[in-house]
Amino acid sequence: KPIMEDFMKSLVTYRPRSGLSLMNDFDRVFDSFFADSPVRGIRKPAVDVREEKDSYFVEVELPGMSEKNIDVKVEENLLTISSVEDEKKDDEKNRYLIRERRASHFSRSFVLPKDVQQDKINARFKDGILTLEIPRVPKQEPKKIEVKKA
């Protein structure tokens, strides 16, 4: 199908429900114009990073994903979280009227602080949330050196 034809059809069916939803309706029309674009499969998951006394925590929202599709790597001081999820091939019996759930992939990288123990990073995945615990190197308290009389 020509892309412009799809765009024109969506303009014909465009009926805003209220003044407040005007931008949402426009976004939907705009998204449908690029529905077959390869850019659509790329998403940027929401990430929270917090600091505690002994560790840093990175929490990544990955709804609908499995731990099998998630890849976490540390190279030098760069932490990279990525995934590729294969789109399921549908047989010709399934004829979607609307299809918003598609395969997606992402890659997010973070520069790690110098005070982390890279070899002790722990990753857990539960309820669509990837949690990375990144232990900090324990701070060394100043050591008092006794000065003796010679």
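Remember, it's a predicted structure, so these values are computed and weren't measured experimentally.

Bringing the sheet that holds strand β4 (residues 78–84) into the picture now. Strand order in the open sheet formed by three strands is β3-β4-β5, with antiparallel pairing between adjacent strands. With partners counted over all chains shown, the strands left at the sheet margins are β3 (70–75) and β5 (105–111), one partner each. Across the sheet, the mean angle separating the axes of adjacent strands is 15° when strand polarity is ignored. Sheet topology note: the β4/β5 ladder contains seven bridges and is antiparallel. Directly across from L78, in β5, lies its bridge partner V111.

What follows deals with the confidence of the model for the protein. Model confidence for the protein is summarised by a mean pLDDT of 77, while 63% of its residues fall at 70 or above. Note that pLDDT drops below 50 for residues 34–40; the model gives that stretch seven contacts with residues more than four away or on any other chain.

Sheet architecture is open: four strands sit in the order β1-β2-β7-β6, paired in antiparallel fashion. Only two strands of the sheet have a single neighbouring strand rather than two, namely β1 (47–51) and β6 (122–126). On average, each strand axis in the sheet is tilted by 15° relative to the strand beside it, whichever way the strands run. As paired elements, strand β2 (residues 55–61) and strand β7 (residues 129–135) share seven bridges and run antiparallel to each other. Bridging from a neighbouring strand, V58 pairs with L132 of β7.

Of note, the phi angle at E76 is positive, near 55°, even though the residue is not glycine. Position of E76 among the secondary structure elements: in the loop between β3 and β4. The exposure class assigned to E76 is exposed, which follows from its relative accessible area of 69%. Here the phi dihedral of D127 falls at roughly 55°; this positive angle occurs in a residue that is not glycine. With respect to the helices, strands and loops of the structure, D127 is situated in the loop between β6 and β7.

What counts as what
- Throughout this document, residue positions are counted from 1 along each chain, in the order its sequence is written.
- Per-residue local features of the predicted model are confined to residues with pLDDT of at least 70, and side-chain atom pairs are confined, for both listing and counting, to 80 or more; whole-chain, interface and lining totals are unaffected and use all residues.
- The basis for every side-chain value is the complete set of non-hydrogen atoms in the structure, without hydrogens or water.
- Only strands joined by at least two bridges in the DSSP assignment are considered to pair.
- Secondary structure elements follow DSSP: runs of H or I no shorter than four residues count as helices, runs of E no shorter than two count as strands, and numbering proceeds from the N terminus.
- Fitting a line to C-alpha atoms yields each axis, with helices limited to the stretch in contact; the angle taken between N-to-C directions then spans 0 to 180 degrees.
- Values of pLDDT, the confidence the predictor places in each residue, fall between 0 and 100.
- We call two residues in contact when some of their heavy atoms are within 4.5 Å.
- Only protein chains enter the accessibility calculation, which uses a 1.4 Å probe. A residue is then buried if its area is under 20% of the maximum for its type, exposed if over 50%, and partly exposed in between.

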